[in-house]
Amino acid sequence: MSSSTSPFPPIADYGFLSDCHTGALVAPDGSVDWLCLPAFDSASVFGNILDRGAGSFRFGPYGINVPTQRTYVPGTNVLTTTWHTPGGWLLVHDALVMGPRQGADTVTPHTRPPADDDAAHLLVRTVECLEGTVEVDFVCEPAFDYGRVEATWTLADGDGHLADAADGTGPVFRLSTDLLIGIEGGAARGRHVLAKGDRAFCALSWAEDLAGPKDAEEAWAHIEATVQFWRSWLARARIPDHALRHPLERSALTIKGLTYMPTGATVAALTTSLPETPGGERNWDYRYTWMRDTTFTLQALHYLNLDWEADEFMQFVADLEPNADGSLQIMYGIDGRRDLTESTRDELTGYEGARPVRLGNGAFDQRQNDVFGAVLDSVLLHTRRSKHLPRRLWPLVKSQATGAIAAWREPDQGIWEARGKPQHYVSSKLMGWVALDRAAQLAAIRDDIALQKEWAEAAEEIKEDILAHGVSDRGVLRQHYDTDALDASTLLAPLFGFLPGSDERIRNTVTAISEELTENGFVMRYRTDETDDGLSGKEGTFLICSFWLVSAFGAIGDMEQANNLMERLLRISSPLGLYAEEFEVERARHLGNFPQAFSHLALIQAAGRIVLTDMREELSL
């Protein structure tokens, strides 16, 4: 389906809202096309991004669908849209509301110590007529359980300003507005003409007692409190005065927005089943926490000086229930649950016909031997930063080190969760080395000399095995031991200090990937025709891999190429500075789930390397 005839907006054109409990995607026409209640991984109430009949909520000028400008209030996740209509100008603010904590949260209870501010469980939308007169309308048409259940609406007051949307078992949320509500089947509607200076609002509440703003003034107060929350939060981050400051700020706000505040977990992305291959089957549910993301999350949070969030995330990891052998699963639910059994919703069309739409993730119980390294690198990063190894983490260190020793010789599915035959993936062996290298350093901090020696020797054995079997005849790191195919995951070798950037094998690997595993300079994970991943169809280039290449160029001292690629990556960000998982070079569009935490984490890592190099050069002048 061509983009000119597709009823679906381009993935990158969506605006992202978050209250750190759930998130929403707002299309350019003002329609909320994705919102799951009450948490990131709950069933959607608005799911139009996956099927044009799966629920939406539009609020804006009547009969006008193309806005003049969309931007975030600087330093926030509050979205503004400016509209020019034949009669005047209109400004819309959209926010998932944050504010001072009002007692215990019974909607999404916390396992972490509550912060001073928290989600109000409200979506607030305000409009203001800036000039002339503008006819505004809203159409709120939820479809519960991923589009399966049409809403039943009931007016909740005698004045026509409150209405409850129910799924047959009871109210799911309450719509409040200063416009008069009319019920049309499964939709609630309202229309009103605003003159210059007039304001109006719509709000959805799934809070306890369905509490929401009573008037436009209170709605605006919610918007202002949310702006204040995000700006106060961002003020804690260490972001230098540098040309990369703004993408660093937007990435920090996005990562925070993908954090589930009640437990400290971070979702890999807001969405499920946005396609990696247009119209294809590479559609996955990313609303979960991957253990391999832990090290990149910790690196980014500590680089940005966001130590509170880093500690919350580490405590979430410490709470997780391990497998019988002491290892951790590769992913968990944001509440720590282990069972993420995958199912499909075959009645949904999928985004631009990309089917199936998946709920859950069948890779949750795969064997992926890199998980030990991700966890232990995270623990070491956190221990160095806090200068303290919490007692509750030491058993985790021992279990992960033991698991890495037991597993590193075995084949697995690799970092990309291939659904083909298990292989001896170099990146998995590499992360096994990371696991034992970091475990040895943690044992030294713990002053356990015997374990330090045992784990250091095991790390050296893994390194020797990789260098003996994982390097091709031309001196390049392989995808796995039985192929000379390239894989972008081997870029992690210099990033985790496996070999120095000056090592010829590292330089050869970086050069080979740059020249042979790219499309128009952007990096692919691997070539699908050379890899048994159990799936059909061609992928786009992977943004995380492209950002890894920026960091790898920096590691080998080629800052000119690092800066050039970084500039190109910044130019392809979404209009609001966001990144999906992939970039399709041929049509210059984003693919995959959105926004993607991994892409933003890799941006922060790459930008940090460039900023540090520039600061060192300035100091040396």
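This text goes with the structure placed above it.
I will try to describe carefully the structure that is included in this document. (Residues numbered from 1 in each chain as written. Predicted model: local features only at pLDDT ≥ 70, side-chain atom pairs only at ≥ 80, totals over all residues. Heavy atoms only, no water.)

### As for the overall build of the protein
Now for step 1: If you tally the helices and strands in the protein, you get 14 helices and 27 strands.
Now for step 2: Taking the principal axes of its C-alpha atoms as reference, the protein extends roughly 75 × 55 × 50 Å.
Now for step 3: Taken over 621 residues, the protein has a buried fraction of 63%.
Now for step 4: Across the protein, contacts joining residues at least 24 apart in sequence account for 67% of those joining residues at least 6 apart.
Now for step 5: Positive and negative side-chain charges of the protein, numbering 55 and 89 respectively, have mean locations separated by a distance of 3 Å. (Helix = DSSP H or I, 4+ residues; strand = E, 2+ residues; numbered from the N terminus. Buried < 20%, exposed > 50% of the residue type's maximum accessible area, 1.4 Å probe, protein only. Contact = heavy atoms within 4.5 Å. Lys, Arg positive; Asp, Glu negative; His and termini not counted. Charge placed at Lys NZ, Arg CZ, Asp CG, Glu CD.)

### With respect to the sheet that holds strand S27 (residues 589–591)
Now for step 1: Ordered by their spatial adjacency, 3 strands build an open sheet running S25-S26-S27, and the pairing between neighbours is antiparallel. Since the sheet does not close on itself, it has two edges, and those belong to strand S25 (541–542) and S27, each with one partner. (Pairing = 2+ DSSP bridges.)

### With respect to unusual backbone geometry
Now for step 1: Look at the link from Leu37 to Pro38: it is a cis peptide, with omega at 5°.
Now for step 2: Mapping Pro38 onto the fold places it in the loop between strand S3 (31–36) and strand S4 (44–46).
Now for step 3: Cis geometry marks the peptide bond from Arg355 to Pro356; its omega dihedral reads 5°.
Now for step 4: Of note in the backbone geometry, Cys20 takes a positive phi value of approximately 65° without being a glycine.
Now for step 5: Residue placement: Cys20 occurs in the loop between strand S1 (15–18) and strand S2 (23–26).
Now for step 6: Here Cys20 falls in the buried class, since its relative accessible area comes to 0%.
Now for step 7: Residues other than glycine seldom take positive phi values, yet Asn520 does so here, at roughly 55°.
Now for step 8: Looking at the element boundaries, Asn520 is found in the loop between strand S23 (518–519) and strand S24 (522–523).
Now for step 9: Residue class for Asn520 comes out exposed when judged on its relative accessible area of 54%.

### Examining the packing of aromatic side chains
Now for step 1: Scanning the entire structure with this criterion turns up 21 aromatic pairs.
Now for step 2: Site record: aromatic cluster; members linked through ring pairs are Phe296, Trp416, Phe496, Phe542, Trp548 and Phe598.
Now for step 3: The lysine or arginine in question, Arg199, covers the ring of Trp220, its NZ or CZ lying 3.8 Å from the ring centre.
Now for step 4: One cation-aromatic arrangement involves Arg250 over Tyr72; the distance from NZ or CZ to the ring centre is 4.0 Å. (Phe/Tyr/Trp six-rings, centres within 6.5 Å; stacked < 30°, edge-to-face > 60°. Lys NZ or Arg CZ within 6 Å of the ring centre and 35° of its normal.)

### Considerations on the side chain of Ser546
Now for step 1: Locating Ser546 in the fold gives a position in helix H12 (residues 543–555).
Now for step 2: Given the relative accessible area of 0%, Ser546 is considered buried.

### Overview of the pairing of strand S15 (residues 187–195)
Now for step 1: Strand direction decides the pairing type here: strand S9 (residues 117–141) and S15, joined by 8 bridges, are antiparallel. For Thr133, the partnering residue across the bridge sits in S15 and is Ala195.
Now for step 2: Across 3 bridges, the pairing between strand S14 (residues 182–184) and S15 is antiparallel. Among the inter-strand pairings, Glu184 is bridged to a residue of S15, identified as Ala187.
Now for step 3: Connecting S14 to the next strand, S15, in antiparallel fashion are 2 residues, including Gly185 with a positive phi near 65°.

### Things to note about the pattern of salt bridges
Now for step 1: Under the criterion given, the structure shown has 31 salt bridges.
Now for step 2: In this structure, Asp137 and Arg189 form a salt bridge, with 3.1 Å as the shortest nitrogen-oxygen distance. Here the residue Asp137 occupies a position in strand S9, and Arg189 occupies one in strand S15, the gap between them amounting to 52 residues.
Now for step 3: The partner of Glu516 in a salt bridge is Arg474, and the shortest N-O contact between them spans 2.8 Å. (Salt bridge = Lys/Arg side-chain N within 4 Å of Asp/Glu carboxyl O.)

### Considerations on the environment of Ala406
Now for step 1: Secondary-structure assignment places Ala406 in helix H7 (residues 394–407).
Now for step 2: Sequence-wise, Ala406 and Asp325 are 81 residues apart; in three dimensions their C-alpha atoms are separated by 9.6 Å.

### Quick look at the packing of helix H4 (residues 293–303) against helix H14 (residues 597–620)
Now for step 1: Remark: H4 packs on H14, axes separated minimally by 9 Å, with the N-to-C direction vectors making an angle of 45°. It follows from the interaxial angle that H4 and H14 lie oblique. With respect to the hand of their crossing, H4 and H14 are arranged in left-handed fashion. Contacts between H4 and H14 pair Asp293, Phe296, Thr297, Gln299, Ala300 and Tyr303 from the former with Phe598, Leu601, Ile604, Gln605, Gly608 and Val611 from the latter. (Axes fitted to C-alpha atoms, helices over the stretch in contact; angles between N-to-C directions. Parallel < 35°, antiparallel > 145°, perpendicular 65-115°, else oblique. Left-handed = near helix turned anticlockwise from the far one by under 90°.)

### Concerning the side chain of Gln596
Now for step 1: Looking at the secondary structure, you find Gln596 in the loop between S27 and H14.
Now for step 2: Residue Gln596 is classed as buried on the basis of its relative accessible area, which comes to 3%.
Now for step 3: Those residues within four positions of Gln596 in sequence are excluded, and the remaining contacts are Leu258, Ala268, Ala269, Tyr286, Tyr579, Ala580 and Glu581.

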